[in-house]
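Per-entry structural report
Below, each chain spelled out in residue letters.
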Amino acid sequence: MSYDDFQSYPSQASNVTDELGELMANDPDLCPGLNACMVCGLPTTMFCPKCRMVSYCSKECLKSDACVPMSSPTPGHCVEICDALRSSSSNVNDEEEGDRSELESYPSTLSNVLLSHPSFEGVVQEGGRRDGKKGERRILQVHIVGAQKGSEVWDEKGGYGGSGWVSAYSDALDEVCETFDVSLELVFVGEGLKEVKEADGRIVKLSKTCHAYLHSGKYEALKNKVTPNNFVRRTPDLLVFFNAGFTCLDYDWSGCLSTCFSPRSPTVPFLATTNSEMENFNDIEWLEENGFVKEGSIAGLGADVDDTDVDEVPLFAGPNPFQGSKIRQSGILGNDLYTKSSFMFGGCMTFGRRK
């Protein structure tokens, strides 16, 4: 299945009845189609014989799930979804191409948003600092929080026939530097960077105008860490969260986000991506409830970006046109497909609004 075909698929293909939804609500570990029957939630006895990616308790449940047409809002395990799941797991060449596309979507998303999104015009045109030397470029610092090996950062050898993370970010961001006459400093922060060799306290040169620093640990700990040449600033020009999952109970995002601010900089521009429209909505709602963005201020991508406070980055939400092409199966519902970072939102976080 091509990526263009996938774009026309519903974001939720699984048929979730009221009864099944109640079972899921009572058992957070229940994942229909994966560890339970896709239709009724009972223990599984078989997979779909074609794709072997969705499980059922009986032939009757498989048949009932497969008979819903693709034209339905929730088509279930129709022929198209079955073929998509089968091809995503069996075609090695397509899988390698998808892996490469997914990895390179991280620098591509960051670069294209800085180059063209109206919400960040002020960041790239007026933000940053100078190092005190006359005629020197402005230096913009971007903190990429929650970074992991195999996602935001990957082996320099590349794997999958693609380029490594250093050259990928250099290729993507050099145009930003040239267009706005700036230098870029990227700070990758995350406990998932422990196995990355560059996460050892060195500054990594990506290109003449781009440098990076990797911190293997929590964002809160970085604030008290002495870095070479005081590379890491307390408050960045832009915060980036790729598929952070602010509603995830395993991580205290409130504590992390509170360290992003200082009395002199109570607001910080930010960009976040999610894997689905529902996750986009949930993350926005969490930020509103916790006072990091003004309630009801997230607008669609087509909204008037001038309709905001003067000193703030206009808030937006919508699809991410720079997402990768690797099609994945949901880890919650067996029939659902997604690509990483398929939606994004952003604007300005404000410390003073915290409840």
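Our structure is the block above this text.
Note that this is a predicted model, so its numbers are computed, not measured.

This part is about the pairing of strand E7 (residues 238–242). Burial analysis of E7 places five of its five residues in the buried class, the great majority of the element. Side chains of E7 alternate between two faces, with Leu-238, Val-240 and Phe-242 and Leu-239 and Phe-241 buried alike. Across three bridges, strand E3 (residues 138–145) lies against E7 in parallel orientation. Considered in E7, the bridge of Ile-144 is made with Val-240. Of the pairings in the sheet, the one linking E7 to strand E8 (residues 267–274) comprises four bridges and is parallel in character. Residue Phe-241 lies in a different strand from E8, and its bridge partner there is Ala-272.

A few words now on the packing of aromatic side chains. If you walk through the whole model with that rule in mind, you get 13 aromatic pairs. Taking the centre distance of 5.0 Å and the plane angle of 85 degrees together, the rings of Tyr-106 and Phe-242 count as edge-to-face. With a gap of 136 residues between them, Tyr-106 in helix H5 (residues 92–116) and Phe-242 in strand E7 connect regions that are remote in the sequence. One exposure class covers both Tyr-106 and Phe-242, and it is buried. A centroid spacing of 5.5 Å and a plane angle of 80 degrees characterise the contact between Trp-165 and Phe-188, whose relative ring orientation is edge-to-face. Of the two residues, Trp-165 sits in helix H7 (residues 165–180) while Phe-188 sits in strand E4 (residues 182–190), which places them 23 residues apart along the sequence. Each member of the pair, Trp-165 together with Phe-188, is buried.

About the cut-offs
- Residues numbered from 1 in each chain as written.
- Predicted model: local features only at pLDDT ≥ 70, side-chain atom pairs only at ≥ 80, totals over all residues.
- Heavy atoms only, no water.
- Buried < 20%, exposed > 50% of the residue type's maximum accessible area, 1.4 Å probe, protein only.
- Helix = DSSP H or I, 4+ residues; strand = E, 2+ residues; numbered from the N terminus.
- Pairing = 2+ DSSP bridges.
- Phe/Tyr/Trp six-rings, centres within 6.5 Å; stacked < 30°, edge-to-face > 60°.

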